[in-house]
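Examination of the molecular architecture
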Amino acid sequence: WALLCLVPFALFFCAFQIAPLVWVASNSLNTSEGWGLGNFQQAFSSPFYRQAMRHSLEVAFWSSLFGIVIAIIGSYSLRQVSSRLRDFVMAFSNMTSNFSGVPLAFAFIILLGFNGALTILLKQMGVIEDFNLYSKTGLIVLYTYFQIPLGVLLLYPAFDALREDWRESAELLGASNWQFWRHIGLPVLTPALLGTFVILLANALGAYATVYALTTGNFNILPIRIAAMVSGDIFLDPNMASALAMVLVGLMTLITIVHQWLLRRSYHVAR
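The notes below deal with the structure included here. Predicted model only: the values in this text are computed from it and were never measured.

Parameters and conventions
Residues numbered from 1 in each chain as written. Predicted model: local features only at pLDDT ≥ 70, side-chain atom pairs only at ≥ 80, totals over all residues. Heavy atoms only, no water. Helix = DSSP H or I, 4+ residues; strand = E, 2+ residues; numbered from the N terminus. Buried < 20%, exposed > 50% of the residue type's maximum accessible area, 1.4 Å probe, protein only. Areas by Shrake-Rupley, 256 points an atom, 1.4 Å probe, with all protein chains shown as cover. Lys, Arg positive; Asp, Glu negative; His and termini not counted. Charge placed at Lys NZ, Arg CZ, Asp CG, Glu CD. Axes fitted to C-alpha atoms, helices over the stretch in contact; angles between N-to-C directions. Left-handed = near helix turned anticlockwise from the far one by under 90°. Contact = heavy atoms within 4.5 Å. Nonpolar A, V, L, I, M, F, W, Y, C, P; charged D, E, K, R; others polar. Salt bridge = Lys/Arg side-chain N within 4 Å of Asp/Glu carboxyl O. Expected span 1.5 Å × (residues − 1). Bend = angle between axes of the 7 residues up to and from the residue. Patch = residues over 30% accessible without salt bridge, like charges linked within 9 Å, V, L, I, M, F, W, Y side chains within 5 Å. Core = buried A, V, L, I, M, F, W, Y, C linked by side-chain atoms within 4.5 Å. Phe/Tyr/Trp six-rings, centres within 6.5 Å; stacked < 30°, edge-to-face > 60°. Lys NZ or Arg CZ within 6 Å of the ring centre and 35° of its normal. Parallel < 35°, antiparallel > 145°, perpendicular 65-115°, else oblique.

This brings us to the overall build of the protein chain. For the protein chain, the count of helices and strands is 12 helices and two strands. For the protein chain, the sequential pattern of α-helices and β-strands runs α-β-β-α-α-α-α-α-α-α-α-α-α-α. Along the first, second and third principal axes, the C-alpha atoms of the protein chain reach 75 × 65 × 35 Å. Looking at the 271 residues of the protein chain, the share that counts as buried comes to 37%. Accessible area for the protein chain stands at about 16100 Å²; split by element, carbon and sulfur atoms hold 68% of it. Here the protein chain contributes 14 positive and 12 negative side-chain charges, whose respective centroids are spaced 5 Å apart.

Time to look at the packing of helix α8 (residues 164-172) against helix α9 (residues 177-205). The description of two packed helices rests on the angle between their axes and on the distance between the axes. Contact pair α8 / α9: the axes reach a minimum separation of 10 Å and the direction vectors enclose 145°. Relative to α9, the crossing made by α8 is right-handed. Facing α8, whose interface residues are Trp166, Arg167 and Ala170, α9 presents Asn177, Phe180, Trp181, Ile184 and Val188. Here the contact of α8 with α9 is composed, by residue class, of six nonpolar, one polar and one charged.

Within this structure, the stated rule accounts for one salt bridge. Glu58 is paired through a salt bridge with Lys136; the nearest N and O atoms lie 2.5 Å apart. Of this pair, Glu58 sits in helix α3 (residues 47-78) while Lys136 sits in helix α7 (residues 136-155), placing them 78 residues apart in sequence. Residue class for Glu58 comes out partly exposed when judged on its relative accessible area of 23%. Here Lys136 falls in the partly exposed class, since its relative accessible area comes to 30%.

With 27 residues, helix α1 (residues 2-28) extends 37 Å between its outermost C-alpha atoms, agreeing within 8% with the 39 Å of an ideal straight helix rising 1.5 Å per residue. Helix geometry: α1 is bent most strongly at Cys14, by close to 40°. Every buried residue of α1 is accounted for by Val24, Asn27 and Ser28.

A contiguous nonpolar surface patch, about 620 Å² in accessible area, is contributed by Leu3, Leu6, Phe9, Phe13, Ile18 and Val22. Topologically, Phe9 is positioned in helix α1.

A few words on the nonpolar core. Nonpolar side chains in soluble globular proteins tend to be buried together. Core analysis: the largest hydrophobic core is formed by 60 residues, its most contacted members being Leu139, Tyr143, Leu189, Leu222, Met240 and Leu244. Sorting the residues of this core by element identifies α2 (38-45), α3, α5 (102-112), α7, α9, α10 (209-215), α11 (222-231) and α12 (238-270) as the ones contributing at least two each. Those residues within four positions of Leu139 in sequence are excluded, and the remaining contacts are Val59, Leu133, Val211, Leu214 and Phe219.

Another aspect to go through is the environment of Gly113. With respect to the helices and strands, the residue Gly113 is situated in the loop between α5 and α6 (117-125). Here the alpha-carbon distance between Gly113 and Ala25, two residues 88 residues apart in the chain, equals 39 Å. When near neighbours in sequence (up to four residues on either side) are disregarded, Gly113 contacts Phe108, Thr119, Leu133 and Tyr134.

With respect to the helices and strands, Asn239 occurs in helix α12. You can call Asn239 buried: its relative accessible area is 18%. Excluding its chain neighbours within four sequence positions, the residues that come into contact with Asn239 are Asn27, Ser28, Asn30 and Asn39.

Attention shifts here to the packing of aromatic side chains. Enumeration according to the criterion identifies 14 aromatic pairs in this entry. Ring geometry for Phe88 and Phe92: centres 6.4 Å apart, planes at 20°, overall stacked. Of the two residues, Phe88 and Phe92 both sit in helix α4 (residues 83-96), four residues apart, roughly one turn of that helix. Between the aromatic rings of Tyr208 and Tyr212, the centroid separation amounts to 5.5 Å while the plane-to-plane angle is 25°, which identifies the pairing as stacked. Three or more aromatic residues link up through ring pairs in this structure, and these residues are Phe61, Trp62, Phe66 and Phe197. Residue placement shows Arg79 over the ring face of Tyr156; its charged tip is 4.1 Å from the ring centre.

Two numbers describe how α3 lies on α11: the axes approach to 8 Å, and their chain directions differ by 135°. The orientation of α3 relative to α11 falls into the category oblique. Of the residues in α11, those touching α3 at Phe48, Tyr49, Ala52, Met53 and Ser56 are Leu222, Pro223, Arg225 and Met229. Of the residues belonging to the contact of α3 with α11, the class tally is seven nonpolar, one polar and one charged.

Written as structure tokens, this is what we have:
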């Protein structure tokens, strides 16, 4: 009965996950000269496509790093406040984690665009001289915004694994706050931190609607290039789009392998 109940899920998974991936993988090997790796050779030899890969990785990495650091601080701080405030912040995080795409881009244009309210205010206060929301730095700020609530939602339950009596025992034995986090807190939280970081990376690498609405497709990242070649904005080349999509899959696969290796290493260190 258990296997029978899995049949609908298996059919759904194969139809909407495995079959599209196989189709994209097969089309990535289809070139004008026949089957081969010509699309991948062109992707990695072209400075334009390499720039798209570099921009995607840089924006994803820095926004995930800033997002998870702020999420760690926020998740730990939520443990120290009243339950009413905690419930409000969690509900707000749940709402803002789905606030993306065109509405988010429009909100940031109003706040941090060239003539945005916050940009003008910070210039008048002398905090900044200039800020370009449509640059790589601006995109990192934008991506970090929607990474933070997702990071809080994922990390907040992980702090349940830290028991208060562990801290009290460490203090009784003369351990400092840094020693507690170095030898107890961080090893316990490491699997959750690594897992959350990988999810944030995947979330940023695949983001498309927000950056397209903000830059109208003028910033060179992989999702923008894939969409342009599928829709035929410049020229129609679905096979090259499939190759770039497989590059994204390869990047996520590599990140996942490194994540699993770090998890196993942290587990052995904790033991």
